[in-house]
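Understanding the architecture of this molecule
Listed here are the chains, written in short residue letters.
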4 protein chains.
Amino acid sequence: MKDVASEVDARGITIDRVGIRDLHLPVRIRARDGGYARVLGRVDAAVELPGIQRGTHMSRFVNTLSEWSKQPVSVIEIEHTLRAMLERFAAPAAEVVLQFKYFLAKQAPASGRVSELDYDCAFEGRISSEGFRFVLGASVPIMTLCPCSKEISERGAHSQRATLSVRVNARPGVILWLEELIPLLEQQGSCEIYPLLKRADEKVVTETAYDNPKFVEDVVRDTIVALRGIPGVIGCSAECESMESIHNHTAYAYAEHGEL
Amino acid sequence: MKDVASEVDARGITIDRVGIRDLHLPVRIRARDGGYARVLGRVDAAVELPGIQRGTHMSRFVNTLSEWSKQPVSVIEIEHTLRAMLERFAAPAAEVVLQFKYFLAKQAPASGRVSELDYDCAFEGRISSEGFRFVLGASVPIMTLCPCSKEISERGAHSQRATLSVRVNARPGVILWLEELIPLLEQQGSCEIYPLLKRADEKVVTETAYDNPKFVEDVVRDTIVALRGIPGVIGCSAECESMESIHNHTAYAYAEHGEL
Amino acid sequence: MKDVASEVDARGITIDRVGIRDLHLPVRIRARDGGYARVLGRVDAAVELPGIQRGTHMSRFVNTLSEWSKQPVSVIEIEHTLRAMLERFAAPAAEVVLQFKYFLAKQAPASGRVSELDYDCAFEGRISSEGFRFVLGASVPIMTLCPCSKEISERGAHSQRATLSVRVNARPGVILWLEELIPLLEQQGSCEIYPLLKRADEKVVTETAYDNPKFVEDVVRDTIVALRGIPGVIGCSAECESMESIHNHTAYAYAEHGEL
Amino acid sequence: MKDVASEVDARGITIDRVGIRDLHLPVRIRARDGGYARVLGRVDAAVELPGIQRGTHMSRFVNTLSEWSKQPVSVIEIEHTLRAMLERFAAPAAEVVLQFKYFLAKQAPASGRVSELDYDCAFEGRISSEGFRFVLGASVPIMTLCPCSKEISERGAHSQRATLSVRVNARPGVILWLEELIPLLEQQGSCEIYPLLKRADEKVVTETAYDNPKFVEDVVRDTIVALRGIPGVIGCSAECESMESIHNHTAYAYAEHGEL
C-alpha cells in the first residue's frame, strides 16, 4: 500500500508544526499526595516537518498519546512522550499540550463547608535541539472589586468574576504542584470564590472583597511578585481578564517575567 | 442529472425540520425611524419534510434567503419568506430564525457621553396550517447586585454582569420595535450597563446598583410584568442568567406568560 | 441573619425554573459491566418557584449535587436527587441535567487497533406532580457521504463529519446503557469514525462510506427506526447536523417519535 | 474626584498589555473599489503600562475607538488610532486588533449563480519605539480531500471542511486588499466552497476536489509559496486546520516565512 505521506517534497518549506488538535482522552494526573486524579484531557500534539518530507503520519500521534493510559502523567511522562515522538516521527522538534479541568476541595470561610472547585490547567512540553522545556499553566476564577468604583462612590463598589491565568517555567528538576500553585493564585484577587457558600460565608466574601479592591493591573503585578518568589521558578506570565459588571466587554492585563 | 433527493421514501417518517444552520448573511433590519441598520445575520431555516419524500433541496434555502439582500427585513419580510418557502419546497411547514447583534446609542448617566452598545436579537418566524407566528427575541446585558449579600454585609454587596433574554409574541398587526423593547429591558436589572463611562458616570452606576438590589428571580418577574403591560403582547418569556462573581457557575431564572 | 430570599413576593408570578447552570463536578457514571466511569460532569439544576416566594436558596443546589460524589450515578440516583430537591426546596417541581463526555473503546476495522472515542452524553431528569421522567441523551460523531454528490459525479463524492444527537425516553424500570445505545447510533451514518486508523483501516472507512451514501434526512429516519425498535423505548428524537465540506454552513434534520 | 488609577505604583512591574477585549462596534472597512463595507467589529485594544503607574484609564479605549465611526477603516486609520493612543495614554506602546466577518460574492462554477460567502478577517496593528507594524489576517473555509485515502482506496476518498488562516505583513506603503488575498487563499485547498451550489455545480466541486487531493501540509506549503510571491510581502504565516471526517479531532499544519 503506497504511502504518499512519505514522498519527497520539492517545495523545500519547513512546517513548524504539524499534528492533531482537540483529541479527547481520559488521563490520570499525578497529584501531590502521591496519588492521582482522573481528568478529561484535551490534547494538541505536533512535530516539526523538514522541508523535504511531504507529510507526517497522523495516526502516530494518537498511538503515542494512548500510552498515557498506562500511568499517571506529570512532567516526567510529558518529556518521555516527546522523546518517543522525536524518534517515531524522525522529527527535529515535538510539542504537546494537555489541557484539563482540575478539582481542588475548598472550605467556605465561615461555615467550613467543603466543595470542589474546577480550574482549567495545562501541561505544555516542547523538545528540540535546544532541549526539553515544560510550562505549567493554570486559570483560576477570582473576584475583582474595582478600586476606582469604591473610591468615588458613597456606597457599594462594582465587583465581577475574573480569570487569572498563568504560565510558569521552573528549573529542570523542580516540580511545581497545582495543589500549591492554585491556592497561591486564588489569593491574588479581591476575594476567592467558592462553589458552596452559606449566608455567613457570603458575608465574609462580600466584605473581604470590599476591603481589598484591585484593578486587573494590581492582580497581575501581585501575581508576578508571588510567582517569581517561588524557589526554582525562572519565568512566568500572568493575565487577568475581568468580566466587567458595568460594561459588555472585558478588561485585561498581561505581564511576563524571566524566561518562558 | 438524476435527483436522488426527490426519490420516494419508504420509511414513512416525517422529518419535523430539515434545513440549514449558521448561514452568515449581511442583512438590513428595519429601524423604528423608518430607516434601517446593516447587521451581520446568522440564519437557520428549515421545512417540514413529509414521510414519502427522501430529501429536501438544500440549495433552495440559500436561494430564498439571498432575497433578503434586496430590502430591509422586518416581520413582513419574514412572513413573505416563509410563504415563498412553503411554495418552493411544497412543504407543509417552514421556519426561519435570524440572529443578529443590534446597536443602540446610550448616554452615560452623568457625563452624557454617547456610545453604542450591542444586543443579541432574533427574529423567529414559523408558518404552517395553523398560520403564521412571529416571535421577537432580545438579550440585554445588565448588572445585578445581590439583595442577600447587601442585607447581610456591613459594607459592599457583590455584583456581576447578567444577561436578560426575552421572547415576545404580539397580536398580528402589532409591531414591536427593538428601539422600544431594549430600553424597557435595561430597566429591569440593578443598573444598566454602558460601553463608555467616565468616573462621574461610574459613581452613578455603582450607587444605583447598590440602591436597587435584585435576584435573578426579581429581574424575571419585573420583566414579565413589564412585557405583559405592552399593548398587543399576547405572550412572552424571560430568562435572566447571572455570571455570579462569588461562584464559578451561573444562577438563572426563567418564567413565561401567555401564548408563545 | 435576615433571609431576604424567604420573603413573601407580591408579584404573584410563578418562576418555571430557577437554579444554577454550568456547575462542574467530578462524577462517576454507572457502567453496564457493573463498574463505573469517572467523568467530568457539567450540571444544570433548577426548581419551580411558587408565585408567593421571593427567591430560592442557591447554595442548596450545590449541596444536593455534592452527594453524587458518594456513589456512581444512574437513573436511580437522578430520581433520588430530584426527590431530595422537592423536599429541601419545598418545590412543586425539580429538574437536573448532567452532561458529560463518555469514552468507549473502538476497534479499527482492519488492523483491530483499539483507541477510545469520546461521546457527549446527558442524563436529564424531571420530577413534578406528573411523576418522574428520565431522558437519556447521546451525541455521536459520524461520517456522512452525500448521495447526490456520488450520483452526479464521475469520481468521488464529498463527505464530512456530522453529529447524530438523540434523546431517548424508556418505560420506567427499563434501563438503557450508553454502551448499547452509542454503537447502535454509530451504525446510522455512512461510516463510523475512529481516533486511531492505520492505512489499511482508512481504506475500509473510505470505501464503506462511499458504498453507503446518506443524507442527514436518511440518518435521522434510520435512527428513529432503530430507536423505536429497542424494547421499552416509548419516545425518542434524533437530529443529524452535518458540517458540509462544500459549504460554510451546516445541514441538519430533526425528527421525533412517541412521547418525550 | 480622586483618580486611583493615576497613583504611583511601588511594585515596579511593567504591564506588557492592559486594555479591553471583545468590544463590539459597527465599523466600515475600506473596500478595494473605493467604497466600503459595513461590518460587525470585535475589538481588542491595549497599551503598555510603565512600572511606576498603577492603572490605565479604561474609558479612553472606548473613547478612542468610537472615532472609527466617522470614517472607513484601513491600515491608515489603524496607525492613526495607535498614534492617538500613545498620546492619550502617555504609553510607550499600543496595540489594536479588529476582527470582523467580511463578505465576498462568489460565482458557482457551473451555473454561475452568485452568493456571498463570509470570511473571518483581522486588522492587527502595533506601535512602539520600533515603529508601526500592521498585519492583515484572513481565515478562509476550504475543502480538503485526503491524498492517502484516495491513493489506497478503490473508490472515493474522504473529504472535509478545513480552515486556512493566514497573517501577512507587507512593506510600509504596500496595501493588501482582502478582495485579492481571499481568492488567492481559496485556490490553495482541494476545492473552493460556496454558499449556493446547484447540482451541476456540486458535480464540478466534487470532481475538482477528487482530482486535487491535498494534505494540510500541502495546503500550508502552497499558501506560503503563493503569499511570498506577492510584491511587497515581507513576512507571513499560514495554518490549515482540517475537521477530519474520519476522526473526532482535527489535523493541522503551521508554517511561517520572513518577518512577522
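The structure we're discussing is the one just above.
This section reports on the structure supplied with the text. This is a predicted model, so every value here is computed, not measured.

Bringing the relation of the copies chain C and chain B into the picture now. Structural alignment of chain C on chain B gives an RMSD of 0.0 Å, achieved by rotating through 180° and translating 0.0 Å along the axis. A rotation of that kind, with that shift, is consistent with a two-fold axis. Across chain C, the rotation axis passes nearest the C-alpha of C:Leu260, at a separation of 9.9 Å. A shared binding surface is used by both copies, with 100% of the interface residues of chain C retained as interface residues in chain B.

The tally for this structure, following the rule as stated, stands at 111 salt bridges over all chains. In this structure, C:Lys203 and D:Glu154 form a salt bridge, with 3.5 Å as the shortest nitrogen-oxygen distance. In this pair, C:Lys203 sits in helix α5 (residues 199-211) while D:Glu154 sits in the loop between α3 (147-152) and β6 (159-170), so the two residues belong to two different chains. With a relative accessible area of 19%, C:Lys203 lands in the buried category. Overlapping salt bridges bring together A:Lys2, A:Glu7, A:Asp9, A:Arg11, A:Arg54, D:Glu151, D:Lys214, D:Asp218, D:Arg221 and D:Asp222 as one network.

The next point concerns the interface of chain C and chain B. The interface is formed by 54 residues belonging to chain C together with 54 residues belonging to chain B. By the criterion of area lost to chain B, the three top residues of chain C are C:Arg21, C:Arg221 and C:Tyr252, representing 20% of everything that side buries. Linking chain C with chain B are 13 salt bridges, by the criterion used here. Put simply, B:Arg21 and C:Glu241 hold a salt bridge, and the shortest N to O gap is 3.0 Å. The interface formed by chain C and chain B holds 30 residue pairs in polar contact (both at pLDDT 80 or more) in total. Mapped onto the side of chain C that touches chain B, the elements with two or more residues apiece are β1 (15-30), β2 (36-49), α1 (58-65), α3 (147-152), α6 (216-228), β8 (233-242) and β9 (250-258) of chain C.

Contact with chain A, which involves 54 residues of that partner, is made by 54 residues of chain D. Of the roughly 4,400 Å² buried at the junction of chain A and chain D (both faces included), carbon and sulfur atoms supply 53%. Looking only at chain A, the three residues that lose the most surface to chain D are A:Arg21, A:Arg221 and A:Tyr252, adding up to 20% of its buried area. The interface formed by chain A and chain D includes 14 salt bridges. When the shortest N-O distance is used, the salt bridge between D:Arg21 and A:Glu239 registers 2.8 Å. Our enumeration of links across chain A and chain D arrives at 30 residue pairs in polar contact (both at pLDDT 80 or more). Contributions of two or more residues to the side of chain A that touches chain D are made by β1 (15-30), β2 (36-49), α1 (58-65), α3 (147-152), α6 (216-228), β8 (233-242) and β9 (250-258) of chain A. Within the side of chain A that touches chain D, the residues separate by chemical class into 28 nonpolar, nine polar and 17 charged.

Before going further, it helps to examine the state of the cysteines. Put plainly, two cysteines are in a disulfide when a covalent bond ties their sulfur atoms together. For the structure shown, the criterion picks out zero disulfides over all chains. Its sulfur unpaired, C:Cys240 is 12 Å from the next cysteine sulfur, which belongs to C:Cys146.

The rules behind the values
Throughout this document, residue positions are counted from 1 along each chain, in the order its sequence is written. To label them, take the chains in the order written and letter them from A, then take the ligands in the order written and number them from 1. Given that this is a predicted model, residues contribute local features only at a pLDDT of at least 70 and side-chain atom pairs are listed and counted only at 80 or more, while totals for whole chains, interfaces and linings are drawn from all residues. Hydrogens are left out, water is left out, and the side-chain values use all remaining heavy atoms of the structure. All copies are superposed by least squares; the fitting set is the C-alpha atoms of residues with a pLDDT of at least 70 in both. Working rule for contacts: check all heavy atoms of both residues, and any pair within 4.5 Å makes them a contact. Salt bridges, as used here, are contacts in which a Lys or Arg side-chain nitrogen is within 4 Å of a carboxyl oxygen on Asp or Glu. Only DSSP runs of H or I with at least four residues qualify as helices, and only runs of E with at least two residues qualify as strands; both kinds are numbered from the N terminus onward. Burial here depends on accessible area, computed with a 1.4 Å probe over protein chains only, as a share of the maximum for the residue type. Under 20% is buried, over 50% is exposed, and the range in between is partly exposed. Buried area: the accessible area, evaluated with a 1.4 Å probe, that two parts lose upon being put together, summed over both parts. In protein, a polar contact means a hydrogen-donor-capable atom and an acceptor-capable atom, both N or O and within 3.5 Å, with residues adjacent in sequence counting only if both atoms are side-chain atoms; elsewhere, any N or O pair within 3.5 Å suffices. The classification used treats Ala, Val, Leu, Ile, Met, Phe, Trp, Tyr, Cys and Pro as nonpolar, Asp, Glu, Lys and Arg as charged, and all other residues, Gly among them, as polar. For this text, the term disulfide refers to a pair of cysteine sulfurs within 2.5 Å.

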